[in-house]
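Listed here are the chains, written in short residue letters.
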Amino acid sequence: SKGGDNEEQANRLAVKKSWRRLILWSRVKQDMEQETEEKLEQKVSKLCIFGAGSFGTAIACLLAKKYAHAKVYVVVRNEEQCESMNVEHRNPRYLTTYTLPDNVIATLDAKQALEGCQYIV
């Protein structure tokens with residue numbers, strides 16, 4: 001019947017409008033989250049990772065890439081490992097073939113690493 005067709009058409013239009021609003025809201029929300037993330041990335045200047053095993057090295061690399069302008073300190077216990085990470089940009093004991101980003105800094109001094117640090121892992 002004609003009345004049923006009009007009702008079906010009205011329902012389709014209502015659903016279409018709802019989807020448009022949902023997509024628009026989703027884009028606005030995504031933009032807000034992106035803006036918040038970018039502000040956070042600009043504010044972070046120093047991070048500290050305790051341990052230079054495979055997990056610590058991997059986390060340091062991920063954070064160094066995400067916060068490219070920040071210094072990512074890795075507290076290590078071994079002097080040779082510390083020197084290799086700073087000079088050759090490689091961890092000689094774990095993930096040995098991976099080149100560390102330039103903003104990863106190894107240190108034996110936890111106090112130095114923690115001073116002014118905003119995030120600790």
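Predicted model only: the values in this text are computed from it and were never measured. (Residues numbered from 1 in each chain as written. Predicted model: local features only at pLDDT ≥ 70, side-chain atom pairs only at ≥ 80, totals over all residues. Heavy atoms only, no water.)

*Asks:* Would you take a moment to explain the overall build of the chain for this structure?
*Replies:* Helix and strand counts for the chain come out as four helices and four strands. In the chain, the succession of α and β elements from N to C terminus is α-β-α-β-α-β-α-β. In terms of principal-axis extent, the alpha carbons of the chain reach across some 85 × 30 × 20 Å. Counting across all 121 residues of the chain, residues that qualify as buried make up 27%. Here the analysis covers contacts within the chain between residues at least 6 apart in sequence; of these, 68% occur between residues at least 24 apart. In the form shown here, the chain has an accessible surface area of approximately 8,800 Å², with 53% of it arising from carbon and sulfur atoms. (Helix = DSSP H or I, 4+ residues; strand = E, 2+ residues; numbered from the N terminus. Buried < 20%, exposed > 50% of the residue type's maximum accessible area, 1.4 Å probe, protein only. Contact = heavy atoms within 4.5 Å. Areas by Shrake-Rupley, 256 points an atom, 1.4 Å probe, with all protein chains shown as cover.)

*Asks:* Before we go on, may I ask you to explain unusual backbone geometry in this structure?
*Replies:* Residues other than glycine predominantly adopt negative phi, and peptide bonds predominantly adopt the trans conformation. Positive phi, normally seen in glycine, also occurs at H89, with a value near 55 degrees. With respect to the helices and strands, H89 occurs in the loop between helix 3 (79-87) and strand 3 (104-107). One non-glycine residue with positive phi stands out, namely L95, at about 50 degrees.

*Asks:* I'm lost on the nonpolar core in this one. Help?
*Replies:* Here is a general trend for soluble globular proteins: nonpolar side chains tend to be buried in one another's company. One finds L47, I49, V74, V76 and M85 to be the most contacted residues of the largest nonpolar core, which totals 19 residues. Of all the secondary-structure elements, those providing two or more residues to this core are strand 1 (46-50), helix 2 (54-66), strand 2 (71-75), helix 3 and strand 3. Ranked by residue count, the leading element in this core is helix 2, at five residues. Those residues in contact with V74 that sit more than four places away from it in its chain are I49, G51, A52, A60, M85, V104, I105, A106 and T107. (Core = buried A, V, L, I, M, F, W, Y, C linked by side-chain atoms within 4.5 Å.)

*Asks:* For this particular structure, what's the right way to read the state of the cysteines?
*Replies:* Linking two cysteines covalently through their sulfur atoms gives a disulfide. Enumeration according to the criterion identifies zero disulfides in this entry. C48 provides the cysteine sulfur closest to C61, a residue in no disulfide bond, and the two sulfurs are 15 Å apart. Overall, the relative accessible area of 5% leaves C61 in the buried class. (Disulfide = S-S within 2.5 Å.)

*Asks:* What exactly am I supposed to notice about the packing of aromatic side chains here?
*Replies:* What characterises a pair of aromatic rings is the spacing of the ring centres plus the angle enclosed by the ring planes. Throughout the structure, instances matching the rule amount to zero aromatic pairs. Residue placement shows K46 over the ring face of Y73; its charged tip is 4.6 Å from the ring centre. Above the face of the Y67 ring, K66 is positioned so that its terminal group lies 5.7 Å from the ring centre. (Phe/Tyr/Trp six-rings, centres within 6.5 Å; stacked < 30°, edge-to-face > 60°. Lys NZ or Arg CZ within 6 Å of the ring centre and 35° of its normal.)

*Asks:* Explain helix 2 to me, please; I cannot follow it from the model alone.
*Replies:* An ideal rise of 1.5 Å per residue puts 18 Å on 13 residues; helix 2 measures up with 18 Å between its terminal C-alpha atoms. For helix 2, every residue scored as buried is listed here: G56, T57, I59, A60, C61, L63 and A64. In this structure, the buried residues of helix 2 make contact with strand 1, strand 2 and strand 3. (Expected span 1.5 Å × (residues − 1).)

*Asks:* Honestly, the side chain of N91 in this entry has me stumped. Any pointers?
*Replies:* Structurally, N91 can be placed in the loop between helix 3 and strand 3. Here the side chain of N91 touches A52 through a polar contact of 2.7 Å, landing on its backbone oxygen. If near-sequence neighbours (up to four positions away) are discounted, N91 is found in contact with A52, G53, T57, Q81, M85, T96 and L100. (Polar contact = N/O pair within 3.5 Å; in protein donor to acceptor, adjacent residues only side chain to side chain.)

That is the geometry; function is a separate question.
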